[in-house]
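Chain residues, written in single-letter form:
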Amino acid sequence: MIPYTVNIKLAARTLTGTLNLQNKSAVDWGWQGLIAQGCHSSILIIDPKTAQTIQVLERHKANVVKVKWSRENYYHNQSSPYCLRLASGDASGKIIVWDVVSGTAHCEIQEHSKPIQDLDWLWNQDASRDLLLAVHPPNYIVLWNGDTGTKLWKKSYAENILSFSFDPFDPSHMALLTSEGIVFITDFTPSKPPGSGGKKVYIASPHASPAHTKPPPAAAPAPTGAKKALNKVKVLITNEKPTAEAVTLNDCLQLSYLPSKRNHMLLLYPREILILDLELSQTVGVVAIERSGVPFIQVTPCAQRDALYCLHENGCITLRVCRSTAAAEEATDPEQSVQELVYDLRSQCDAIRVTKTVRPYRMVICPVNENKAALMVSDGRVMLWELKAHTGRTSANPSSCLSPLYSPVAFCGAPLGPSQKRIQDLSLNSMIGQTLIGGEVPPPSSNQQEVQLKFLLSGLLSGLPLPPFAIRMCPPLTTKNINHYQPLLAAGTSNGSILVYNLTSGLLHKELSVHSCEVRGIEWVSLTSFLSFATSAPNNMGLVRNELQHVDLPTGRCFAFRGERGNDEPPIEMIKVSHLKQYLVVVFKEKPLELWDVRTGSLLREMAKSFPTVTALEWSPSHNLKSLKKKQMAAREAMARQTVSDAEQSNVESSVISVKEYHFIQNFSFFFCILQQTFLFSFAPTLPVLQGSMGSITCIAWKGDTLVLGDVDGNLNFWDLKARLSRGIPTHRGWVKKIRFAPGKGNQKLLVMYTDGAEVWDTKEVQMVSSMRIGRNVNYRILDIDWCTSDKVVLASDDGCVRVLEMAMKSASYRMDEQDLTDPVWCPYLLLPRAALTLKAFLLLQPWSGTFTMDITQVRIIGSVCLSVCDWLPSDTKSVLQDPELTLLQRCLLVSRLFGDESDLHFWTVASHYLQSFAQARQLSVSSADGGDGAQPPLQHHLDICYDVLCESSYFQKFQLDRVHLQEVKRSSYEHTKKCADQLLLLGQTDRAVQLLLETSADNSSYYCDSLKACLVTTITSSGPSQSTIKLVATNMIANGKLAEGVQLLCLIDKAADACRYLQTYGEWNRAAWLAKVRLNPAEASDVLKRWAEQLCSPQFNQKSKAILLLLSLGCFYKVGEMLHSMRQFDRAALFIEACLKYGVMEAAFVDYARLLRSLGLREGAALWASRAGSAGVQLMEELFQGEGGGTEVPLEYKEFDLGEEGTE
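Predicted, not measured: the structure shown is a model, and the values here were computed from it.

As for the overall build of the protein chain
Helix and strand content of the protein chain: 26 helices and 60 strands. Taking all 1209 residues of the protein chain together, 54% fall into the buried category. Within the protein chain, contacts between residues at least 6 apart in sequence are counted, and of these 55% link residues at least 24 apart.

Structure representation (structure tokens):
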């Protein structure tokens, strides 16, 4: 059983159920580590680690259609803290930006009244972290300031916009998926709307492409499977609008850039995923489903590896990893060696049972680690899957031709020490090694091990089933039951099961399958047991099967309370348990009521057929516990005087307890029915008859001396029985369905339910306290009501939710720090800003302590707040953080993952890689010099290609050659061939470029130019006159707007450095960086990239974070330290400089400074700085002290500054 603590003050909350179809795409997994999901007009915040709902946001009036967490791609400090911000858009066009921790709306945005089509935060957050782009139907994109709700600009397009995708490599590039094709925008800036209408390209449907309709040659074997699918998409993107009959545009389900490699995009169709190379506008890969396979719904591309998570219509999630292109080169079969991007199926999870009402909606992937997936099902379930790597040599399918996957033996970007602890399956890139490309030498087997990938179900959240519901709160908290009280809510459902929720945590306490048909009502008979009744559908005579069950919660035991009774009788209308839980009245539709003893389960009385029909009924509360105790005491005293036997005494006691009154109404007459020991009823009218002041009475509530009646016309009649006064109030709201008094002595609040809403009344003052009406302040219809505590109500509604609300009945979210969660949640974003930063600093570095500790109590002020948060870390994470072998760089990377800090993660990934590589190069270097800023060291592993131009030049060149070879294989028109030839010329592959140029057919208008260009390429010499002529021509071409052609000519005569300068002059910074990486030597490339870094720091670009990453890749560590300090990123700067000193990559500066001091005659100062330079300063120390005492021994006082081999860590 779930442990519990008594919490008298319950937080307002919402228990959610099935999703609306409009909620289908309203789900997002943020860098903050939490999942946001739309459910009707509410938004659930789910913690995937503990599988519990920690917040429900309610302010939307319409169904939520989009939710997006803000990005964390900025440096965090006290002025830019860790905070939970979420943007949500609904079907009425309203966008709300939330402060999730407090549950309040930061700002509300409204442009049009149609559903928001798409929504996303800008990922480049150097200039501002508040910018939100939204698609407002039919064809507007609007940029909003998400902090103030201000509209920055608005732009309309010719076609209806369905969705958009930002280029993850260039913030000025984005693509719009429209009703007719794709619009590529290349001039997106936050400061002004895009100037042009973008480049429009049209999608020729895979099934309608010319290559598909053309019959294959007779001699060729018929292609099958994926190869057949690839043939269908030879021509996919065209600049001309296709004919109406040849295109079915609605097939395209999704458009998304690949974050794993630049200029690639995927298009999702029900039976194919197409991978496009945008430079060529051509399909270079396809994932096709066989005819018997299950169609796709959604695909999410990964950034850390070239892999795809795919969701299928049966709820199955599959992981497909791009096959190594190096393997294709080794293939002996020429058919097999035809290169294409192939994504092999590596793992899949179990499917779900799909029905009319149960369908998979969406899948989201953890953006930090990319090894966890969450599946949203239409019935409200959230299935949490984790990807696990199992090491071993045996393949799951020996007959499979798949090459094995390898896992790198490394942890957090550094080789794993022999006795170092690690976290298993930390992230996707620690589970799967890098995909090899053509020409690349595989790493030694000692650095990796073979793995199999499997999905494991790690959590499941289930919502309420489909409405209608019958709800009933357990008996209220009293001083007698305070030690063992649990606030349990029983909810009967349409399928016959009863869900019992603990409202302290909001979690399901028990689910009991009690009935075979819809539950109509529940009455508690103790804190741990209740009675429930259900009625089947009526037969042709109007008779039903009644089920009345007694349920004991601790044991789950159910038994039929009425025994064999219940078949073929009129339906039960209601059941009422007496206030002392001793007697039960069962009221039928067209049959006299029955009176039962709850404790013995025996039928006390069945009324005669002449008994009047009951329309409403209530037990009298006048015999409270105090009066009963007085009567018991009096009885005991009388019996002591009469000295009766024990049997007689128990008989007398039962007769005292059983005296009970209940009240019912028929034909506007009031009667008290008095139950006596002989079980006979006598009737005595005690109140005057109402003469037409009320319609047919539908319900009664009775507490103390107050009796309240409700009728079919919406009239409420308040009776003061003591003063014998009545007061009628017409509410004009129609049929009063139910009325209930609030629990608690002297609490005279009354909850009234109507067809169109509910009201709370104060019966003392006879005035309304609060009101809720459908269409006015809520968009759902109320199905059932009850009091949760003395000041909170619980409502069941037709949107499948059960809400606990304050007495004001305003749907309000709660503060997350008011929550009483069953499992603690590790999320630094829930802490106060200062506490989160303190915790981060504490986890990063503890120089005051000899050993790393998790005891944060020594930190003043914030210590007590963070102490419990440290305890909530997983045990394996805590043990790794306390491992003395964990290096500073590994610690920085691990903490950035724990905090979901996107900016930190990118910085430390690049810094860790290049600090290690330059330190390694320095150790391997024969000379003591540092080798310069631009030196590219030999590496055993390289930076992932998702970092693009930050990768090593050698690997970047191989990747680009591999890519252009793939483009060459896939070309299907003259335009494609021309682009391939241009790329080959820039890459220096002149022989292959000449072959492509000579392929131009004689009837092509460019035949003469291409032939001349081929001649020029083959006859180029390095003689002075020809070089100067070509350079002059190239310069003239560039001056006259032929930039690309001029750059090609300069590359032909090995003037790529000049070409880069021209490209940068004309603003083609990305193209210049690409060319520098593939053609220039390290020193020249370094100059080009440094100029780009300077440009990125300018106010026009304002991308300093990218500039820092560029400088890291060049080894400009001093400049990086200066920039971090100037940007006031003090903690990052200090940790980075500390890491530089440990890896010895800043020792060159110390050596140079020591030499300068020696030249100035300051020998002692030179010795000091030379001693700090570690191994690099040894030679200088020997020179400084040579001849002193006839030896080269370094004086002892300088040895204490020697960093020794610490830098080789």
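Here we look at the sheet that holds strand β25 (residues 317-322)
Spatially, β23-β24-β25-β26 is the arrangement adopted by the four strands of the open sheet, whose pairing is antiparallel. Edge positions in the sheet fall to β23 (296-301) and β26 (343-348), since each has one partner strand and no second. Within this sheet the neighbouring strands show an average axis-to-axis angle of 30°, counted without direction.

Observations regarding the pattern of salt bridges
Per the stated rule, a full pass over the model turns up 46 salt bridges. Here Glu 108 and Lys 94 are joined by a salt bridge, their closest N and O atoms 2.9 Å apart. With Glu 108 in strand β9 (residues 104-110) and Lys 94 in strand β8 (residues 94-99), the pair connects residues that are 14 residues apart, well separated along the chain. On the basis of relative accessible area, Lys 94 is assigned to the partly exposed category, the value being 24%. The partner of Lys 154 in a salt bridge is Glu 111, and the shortest N-O contact between them spans 2.7 Å. Of the two residues, Lys 154 is situated in strand β13 (residues 150-156) and Glu 111 in the loop between β9 and β10 (118-121); the sequence distance between them amounts to 43 residues.

With respect to the sheet that holds strand β5 (residues 52-58)
Sheets are built from strands paired through backbone hydrogen bonds, the pairs being either parallel or antiparallel. Spatial ordering of the open sheet is given by β2-β3-β4-β5, a layout of four strands whose pairing is antiparallel. Two strands in the sheet have a free side with no partner beyond their single neighbour: β2 (27-29) and β5. Neighbouring strand axes in the sheet, compared pairwise and without regard to direction, differ in orientation by 20° on average.

Quick word on the nonpolar core
Buried together is how nonpolar side chains tend to be arranged in soluble globular proteins. Counting residues in hydrophobic clusters, the biggest one holds 151 residues, and the most contacted among them are Ile 45, Leu 86, Phe 907, Leu 1075, Leu 1112, Phe 1117 and Phe 1136. Of all the elements, helix α11 (residues 902-924) adds the most residues to this core, at nine residues. Two domains share this core, each providing at least three of its residues, namely domain 1 (15-208 + 233-325 + 340-394 + 403-436 + 449-461) and domain 3 (828-915). Setting aside its immediate chain neighbours within four residues, Phe 1117 contacts Tyr 914, Leu 915, Phe 918, Leu 1112, Phe 1136, Cys 1140, Val 1145 and Met 1146. With 30 residues, the next largest nonpolar core counts Cys 474, Leu 503, Leu 512 and Ile 522 among its residues.

Details of a nonpolar patch on the surface
A contiguous nonpolar surface patch, about 400 Å² in accessible area, is contributed by Tyr 1153, Leu 1156, Leu 1160 and Leu 1162. Turning to its location among the elements, Leu 1162 is positioned in the loop between α24 (1147-1159) and α25 (1163-1172).

Here we look at the packing of helix α7 (residues 833-844) against helix α10 (residues 888-899)
Relative orientation of the contacting elements α7 and α10 amounts to 150°, with a least axis distance of 9 Å. With respect to α10, the axis of α7 lies roughly antiparallel. Two packed elements cross with a definite hand, and for α7 against α10 that hand is right-handed. Across from Ala 836, Leu 839, Lys 840, Leu 843 and Leu 844 in α7, the residues of α10 making contact are Leu 888, Arg 891, Cys 892, Val 895 and Phe 899. Grouping the constituent residues of the contact of α7 with α10 by class yields eight nonpolar, no polar and two charged.

Some remarks on the confidence of the model for the protein chain
For residues with low pLDDT, the predicted coordinates do not support detailed interpretation. For the protein chain, mean pLDDT is 81; residues scoring 70 or higher make up 81% of the total. In the model, residues 208-235 has pLDDT below 50 throughout and makes 38 contacts with residues more than four positions away in sequence or in other chains. Counted against residues more than four places away or in other chains, residues 926-939, with its pLDDT under 50, gives 26 contacts.

Overview of the packing of aromatic side chains
Under the criterion given, the structure shown has 17 aromatic pairs. A centroid spacing of 5.7 Å and a plane angle of 45° characterise the contact between Phe 718 and Trp 761, whose relative ring orientation is tilted. Taken together, the positions of Phe 718 in strand β52 (residues 715-720) and Trp 761 in strand β56 (residues 757-762) put the pair 43 residues apart, joining distant regions of the chain. According to the relative accessible area criterion, Phe 718 is buried, its value standing at 4%. Members of the aromatic cluster, connected to one another through ring pairs, are Phe 907, Trp 908, Tyr 914, Phe 918, Phe 1117 and Phe 1136. The cationic tip of Lys 591 hangs over the ring face of Phe 588; the distance from NZ or CZ to the ring centre is 4.5 Å.

Digging into unusual backbone geometry
Most peptide bonds take the trans configuration, and most residues that are not glycine carry a negative phi. Residue Pro 137 is joined to Pro 138 through a cis peptide bond whose omega torsion reads 0°. Examined against the element boundaries, Pro 138 turns out to sit in the loop between β11 (131-136) and β12 (140-145). Cis geometry is found at the peptide bond from Pro 467 to Pro 468, where omega equals 10°. Tracing the chain through its elements places Pro 468 in the loop between β33 (448-461) and β34 (470-473). Although it is not a glycine, His 40 adopts a positive phi angle of roughly 55°.

Remarks on helix α18 (residues 1056-1065)
The buried fraction of α18 is high, at seven of ten residues. Of the positions making up α18, those classed as buried are Ala 1056, Ala 1057, Asp 1058, Ala 1059, Cys 1060, Leu 1063 and Gln 1064. Positive phi shows up at Gly 1067, right after α18, with a value of about 80°.

A word on empty space enclosed by the protein
Under the criterion given, the structure shown has eight cavities of 30 Å³ or more. Of the pockets and cavities examined, the largest cavity occupies roughly 320 Å³. In terms of lining residues, the largest cavity is bounded by 24 residues, among which Lys 261, Asp 306, Thr 435, Ile 945 and Phe 959 are the most central.

Points about the side chain of Ser 536
Residue position: Ser 536 is located in the loop between β39 (529-535) and β40 (546-552). A polar atom in the side chain of Ser 536 sits 2.9 Å from the backbone nitrogen of Arg 545. Not counting the four nearest positions on each side in its chain, Ser 536 is found in contact with Cys 517, Val 544 and Arg 545.

Observations concerning the side chain of Ser 797
Mapping Ser 797 onto the fold places it in strand β59 (residues 792-797). A polar atom in the side chain of Ser 797 sits 2.5 Å from the side chain of Asp 799. Those residues in contact with Ser 797 that lie beyond four places of it in its chain are Pro 467, Phe 469, Tyr 780, Arg 781, Ile 782, Leu 783 and Arg 803.

Some words on the pairing of strand β14 (residues 161-166)
Counting buried positions along β14 yields five of six residues, so the element is predominantly enclosed. Relative to strand β15 (residues 174-178), β14 is paired through five bridges, and the arrangement is antiparallel. Its bridge partner being in β15, Ser 165 is matched across the sheet by Ala 175.

Here we look at the packing of helix α13 (residues 974-986) against helix α19 (residues 1069-1079)
Relative orientation of the contacting elements α13 and α19 amounts to 60°, with a least axis distance of 10 Å. Here α13 lies oblique to α19, going by the angle between them. Contacts between α13 and α19 involve Gln 983, Leu 985 and Leu 986 from the first element and Arg 1071, Trp 1074, Leu 1075, Val 1078 and Arg 1079 from the second.

Digging into the pairing of strand β38 (residues 519-524)
With five of six residues buried, β38 lies mostly within the body of the structure. Note that β38 and β39 share five bridges and pair antiparallel. For Glu 523, the partnering residue across the bridge sits in β39 and is Leu 531. Where β38 folds back onto β39 in an antiparallel hairpin, the turn is made up of four residues.

As for the environment of Cys 1051
With respect to the helices and strands, the residue Cys 1051 is situated in helix α17 (residues 1043-1052). Placed 24 residues apart in sequence, Cys 1051 and Leu 1075 show a C-alpha to C-alpha distance of 9.3 Å. When sequence neighbours within four positions are dropped, the list of residues in contact with Cys 1051 reads Leu 985, Leu 986, Ala 1056, Ala 1059, Leu 1075 and Arg 1079.

Regarding the environment of Met 431
Checked against the element boundaries, Met 431 lands in helix α4 (residues 428-431). Met 431 has contacts with Asn 371, Leu 387, Lys 388, Ala 389, Tyr 406, Ser 407, Pro 408, Asp 425, Val 451 and Leu 453, leaving out every residue within four places of it along the chain.

Things to note about α25
Those residues of α25 not exposed but buried are Ala 1166, Ala 1167, Ala 1170 and Ser 1171. Angular distribution of buried residues about the axis of α25 spans 130°; they occupy a single face of the element. Of the residues flanking the end of α25, it is Gly 1174, one or two places downstream, whose phi is positive at about 65°.

Cut-offs applied
Residues numbered from 1 in each chain as written. Predicted model: local features only at pLDDT ≥ 70, side-chain atom pairs only at ≥ 80, totals over all residues. Heavy atoms only, no water. Helix = DSSP H or I, 4+ residues; strand = E, 2+ residues; numbered from the N terminus. Buried < 20%, exposed > 50% of the residue type's maximum accessible area, 1.4 Å probe, protein only. Contact = heavy atoms within 4.5 Å. Pairing = 2+ DSSP bridges. Axes fitted to C-alpha atoms, helices over the stretch in contact; angles between N-to-C directions. Salt bridge = Lys/Arg side-chain N within 4 Å of Asp/Glu carboxyl O. Core = buried A, V, L, I, M, F, W, Y, C linked by side-chain atoms within 4.5 Å. Domains from an automatic or database assignment. Patch = residues over 30% accessible without salt bridge, like charges linked within 9 Å, V, L, I, M, F, W, Y side chains within 5 Å. Areas by Shrake-Rupley, 256 points an atom, 1.4 Å probe, with all protein chains shown as cover. Parallel < 35°, antiparallel > 145°, perpendicular 65-115°, else oblique. Left-handed = near helix turned anticlockwise from the far one by under 90°. Nonpolar A, V, L, I, M, F, W, Y, C, P; charged D, E, K, R; others polar. pLDDT = per-residue confidence, 0-100. Phe/Tyr/Trp six-rings, centres within 6.5 Å; stacked < 30°, edge-to-face > 60°. Lys NZ or Arg CZ within 6 Å of the ring centre and 35° of its normal. 1 Å grid on protein atoms, 1.4 Å probe; cavity = no way out; pocket = protein on both sides within 12 Å on 5 of 7 lines; lining within 4 Å. Points joined across faces, edges and corners; volume = space filled by probe spheres on them. Polar contact = N/O pair within 3.5 Å; in protein donor to acceptor, adjacent residues only side chain to side chain. Arc of directions from axis to C-beta.

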